[in-house]
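The residues making up each chain are set out below.
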Amino acid sequence: MLKKKDWKEMIQEFSDKVDKREKLIQGKIDDLQEQAQIIETKIKDNSGRMIELEMEGDTGGVATIKKENRDLRIELEGIQDAIEGYKSQLGTARDYYAKDLEKIRAAVNKAEEEHIQWGKDTRAKRDDLESKIDELKQQVEQINNELRFARTISEEMEWGYIKHIDPRVDSLKDYEKQHFIKSWMAGHDTERFFKEN
């Protein structure tokens, strides 16, 4: 399947067509002006020869040159009219290809609509991602708080649970309580803590 041209390619093709037409017209004008120059030179040369023939009294030669110059002037007039016709076409290529411009306009408008939709979709995607990032940041903060305020099990035992296991713990100093809990958790004999008191 052929790839559909985008609006940039369409504009480039349009520009190439316009340039090509303008160059063809200008080339035609240049060719015609060259022909006109040749005819004008020939008329001028003929006029010089005609004067010489008149001075020599060659009426037949004069009549021939006059007829040739008349024909050349008619040809020159036709060429000059053609030049003016071509000149009037210079700069009109955009109008000449107006249908192409309408297609380009439609393609540009469609591309603009698609770009606007893309922008909306992309912003929505970004907003969704930012929302997820915010949610993840909150979860990280919550985990950090939990970690910050979390106590080890032995610390929790010290803050209220160990006295249910052995009420005598209240008589121990704080640093002794931790040793007692660790010994108790390891399954060691804990009576030694109370013999010293």
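Definitions and cut-offs
- Residues numbered from 1 in each chain as written.
- Predicted model: local features only at pLDDT ≥ 70, side-chain atom pairs only at ≥ 80, totals over all residues.
- Heavy atoms only, no water.
- Helix = DSSP H or I, 4+ residues; strand = E, 2+ residues; numbered from the N terminus.
- Rg over C-alpha atoms; globule rule 2.2 N^0.38 Å.
- Contact = heavy atoms within 4.5 Å.
- Areas by Shrake-Rupley, 256 points an atom, 1.4 Å probe, with all protein chains shown as cover.
- Lys, Arg positive; Asp, Glu negative; His and termini not counted.
- Charge placed at Lys NZ, Arg CZ, Asp CG, Glu CD.
- Salt bridge = Lys/Arg side-chain N within 4 Å of Asp/Glu carboxyl O.
- Buried < 20%, exposed > 50% of the residue type's maximum accessible area, 1.4 Å probe, protein only.
- Phe/Tyr/Trp six-rings, centres within 6.5 Å; stacked < 30°, edge-to-face > 60°.
- Expected span 1.5 Å × (residues − 1).
- Axes fitted to C-alpha atoms, helices over the stretch in contact; angles between N-to-C directions.
- Parallel < 35°, antiparallel > 145°, perpendicular 65-115°, else oblique.
- Left-handed = near helix turned anticlockwise from the far one by under 90°.
- Nonpolar A, V, L, I, M, F, W, Y, C, P; charged D, E, K, R; others polar.
- Patch = residues over 30% accessible without salt bridge, like charges linked within 9 Å, V, L, I, M, F, W, Y side chains within 5 Å.
- Core = buried A, V, L, I, M, F, W, Y, C linked by side-chain atoms within 4.5 Å.

## Some points on the overall build of the protein
Looking only at helices and strands, one finds seven helices and zero strands in the protein. The N-to-C order of helical and strand elements in the protein reads α-α-α-α-α-α-α. Computed over C-alpha atoms, the radius of gyration of the protein comes to 52 Å, more than 25% over the 16 Å expected from 2.2 N^0.38 for 197 residues, which places it beyond the range of a compact globule. Once the C-alpha set of the protein is aligned to its principal axes, its extents read approximately 165 × 30 × 25 Å. Summarising the internal contacts of the protein: among those between residues at least 6 apart in sequence, 61% fall at separations of at least 24. For the protein, the computed accessible surface area is about 15600 Å², with 54% contributed by carbon and sulfur atoms. Here the protein carries 37 positive and 45 negative side-chain charges, and the mean point of each set is 2 Å from the other.

## Remarks on the pattern of salt bridges
All chains considered together, the criterion is met by 11 salt bridges. The closest approach of N and O atoms between E68 and K42, which form a salt bridge, is 3.6 Å. You can see E68 sitting in helix α2 (residues 59-89) and its partner K42 sitting in helix α1 (residues 7-56), a full 26 residues away along the chain. Note on K42: relative accessible area 40%, which makes it partly exposed. Here D71 and K67 are joined by a salt bridge, their closest N and O atoms 3.2 Å apart. Note that D71 and K67 are positioned in helix α2 at a spacing of four residues, about one turn of the helix. Within this structure, D166, R168 and E191 form a network of salt bridges that share partners.

## What about the packing of aromatic side chains?
Considering all chains together, one arrives at three aromatic pairs under this definition. Judged by centre distance (5.0 Å) and plane angle (85°), the rings of Y96 and Y97 are edge-to-face. Given the relative accessible area of 56%, Y96 is considered exposed. Taking relative accessible area as the criterion, Y97 reaches 18% and is therefore assigned buried. Where F180 meets F194, the ring centres are 5.6 Å apart and the plane angle is 65°; that geometry is what we call edge-to-face.

## A short note on helix α4 (residues 98-149)
Here α4 spans 76 Å end to end across 52 residues, near enough to the 76 Å set by a 1.5 Å rise per residue. Looking at α4, one finds that the buried residues are D100, I104, A107 and G119. Summarising the contacts, the buried residues of α4 are in contact with α1.

## Section: the packing of α1 against α2
Put simply, α1 and α2 touch, their axes get as near as 9 Å, and they point 160° apart. As judged from the angle between their axes, α1 and α2 are roughly antiparallel. Pair α1 / α2 crosses with left-handed handedness. The residue inventory of the contact of α1 with α2, partitioned by class, reads 16 nonpolar, eight polar and 12 charged.

## As for the environment of W184
Relative to the assigned elements, W184 resides in helix α6 (residues 174-186). On the accessibility criterion, W184 (36% relative accessible area) is partly exposed.

## Describing a nonpolar patch on the surface
A contiguous nonpolar patch, built from I153, I165, W184 and M185 and spanning about 400 Å² of accessible area, is present on the exposed surface. Elements that contribute at least two residues to the nonpolar patch include exactly α5 (153-165) and α6. Position of M185 relative to the elements: it lies in helix α6. Using a relative accessible area of 47% as the deciding quantity, one classes M185 as partly exposed.

## Comments concerning the nonpolar core
One broad trend across soluble globular proteins is that nonpolar side chains are buried collectively. Among the nonpolar cores identified, the biggest contains 10 residues, and these are I25, I29, L32, A36, I39, I43, L72, L76, I79 and I83. Of all the elements in the fold, those that place two or more residues in this core are α1 and α2. The element contributing the most residues to this core is α1, with six residues. Once you skip the residues sitting within four places of it in the chain, A36 turns out to touch L76 and I79.

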